[in-house]
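Analysis of the macromolecular model
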Amino acid sequence: LGLFLTLSYYVLSSYESVSHTHRYISTVYYKERDLIFLNSVLPRVIAFINSDNPTYDSLSDSWNKEYVMKTPLGNIELKIEDLDRYFNLNTVAFSNRTRQVFENLLNLLDISPQLLELLLIWEGVENATDWEYPYPPKGAPLDSIYELELFWSNKEDLYGKERDFLKYPGLYNLTTVYSCGKVNINTAPYFILRALDSSIDDILAREIIEYRKEHPFHSINELISVEGVDAD
């Protein structure tokens, strides 16, 4: 029995060693495969971007079209997204103006304004007087939009919800931390356009979206061409 147990121990040890080696090799293989794919795709991405007008980005540009690249291991579906179309959560620390935009967005999405207060505390802009959440405030800008879940438990506000037969996108569908901080009016979705200014109502936001399909804005001044937009 002792001899059997001893041999069993060595067999199990060898099996664990082989399994660990297999997992390590598999990890290296997948990383190398992904790197090869990336090196194959990247030149095409650059070609997409360079083929468009460099002075502005719009949804009619070639980078916004889905592209399928065939490989020996299957097809790669390539989709490029303009992150400047979203609201950058880290800009709430910049000014009262950017905070107002975010507050407008929360109101449009039927989300409590308390989220803005907690976000300011989390980023260290304001001091916490009564913090009842598992993680202490970070005291620095967000590295990911998913940090919101560390102090906001209502997942519907983040991932989307439906109220009275109306669908609301979640904050994860409208925010980022990787943009330049400004919003691209050529690509901004409906709710972001509405949030930019309280005078942009439902009709005006839709007018802007329709107008830019055929006439992408080359500058902010061209917004005056949209019916309903005045100098103010």
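Provided above is the structure to which this section pertains.
Residues numbered from 1 in each chain as written. Predicted model: local features only at pLDDT ≥ 70, side-chain atom pairs only at ≥ 80, totals over all residues. Heavy atoms only, no water.

1. Regarding the pattern of salt bridges
Going through the model one piece at a time under the given rule, you end up with 8 salt bridges. Here Asp202 ties to Arg206 by a salt bridge, and the two come within 2.9 Å at their closest N and O atoms. Remark: Arg206 and Asp202 occur in helix α6 (residues 202-214); sequence separation between them is 4 residues, near one turn of the helix. Its relative accessible area of 48% is what places Arg206 among the partly exposed residues. (Salt bridge = Lys/Arg side-chain N within 4 Å of Asp/Glu carboxyl O. Helix = DSSP H or I, 4+ residues; strand = E, 2+ residues; numbered from the N terminus. Buried < 20%, exposed > 50% of the residue type's maximum accessible area, 1.4 Å probe, protein only.)

2. Quick notes on the pairing of strand β5 (residues 166-169)
Pairing of strand β4 (residues 160-163) with β5 involves 4 bridges; the strand directions are antiparallel. Bridged to Arg163 within β5 is Leu166. The antiparallel hairpin formed by β4 and β5 contains 2 residues in its connecting segment, where Asp164 sits at a positive phi of about 50 degrees. (Pairing = 2+ DSSP bridges.)

3. Points about the packing of aromatic side chains
Taken as a whole, this structure holds 10 aromatic pairs when the rule is applied. Relative to Phe151, the ring of Trp122 lies with its centre 5.3 Å away and its plane at 35 degrees, an arrangement referred to as tilted. One end of the pair, Trp122, is in helix α3 (residues 114-122); the other, Phe151, is in the loop between α3 and α4 (155-159), with 29 residues separating them in the sequence. Of the two residues examined, Trp122 and Phe151, each falls in the buried class. Considering the side-chain rings of Trp131 and Phe151, the 6.2 Å spacing of their centres and the 55 degrees angle between planes classify their relative orientation as tilted. A residue pair is termed long-range when its members are at least 10 positions apart, and Trp131 in the loop between α3 and α4 and Phe151 in the loop between α3 and α4 qualify at 20 residues. Here the two residues Trp131 and Phe151 agree in accessibility, since each one is buried. Among the aromatic residues, those joined into a cluster by ring pairs are Trp122, Trp131, Tyr133 and Phe151. Positioned over the ring face of Tyr190 is Arg206, at 4.8 Å from the centre of the ring. (Phe/Tyr/Trp six-rings, centres within 6.5 Å; stacked < 30°, edge-to-face > 60°. Lys NZ or Arg CZ within 6 Å of the ring centre and 35° of its normal.)

4. Quick word on the nonpolar core
Formed by 43 residues in total, the largest nonpolar core has its most connected members in Leu89, Phe102, Leu105, Leu148 and Leu171. Looking at this core, the elements that each hand over two or more residues are α2 (96-108), α3, α5 (190-196) and α6. When residues of this core are assigned to their parent elements, the largest contribution, 7 residues, is made by α3. Ignoring sequence-local partners within four residues, the contact set of Leu89 consists of Phe102, Leu119, Glu123, Leu142, Ile145, Leu148, Thr175, Thr176 and Val177. If you look at the next biggest cluster of nonpolar residues, it comprises 8 residues, including Val41, Val45, Ile76 and Leu78. (Core = buried A, V, L, I, M, F, W, Y, C linked by side-chain atoms within 4.5 Å. Contact = heavy atoms within 4.5 Å.)

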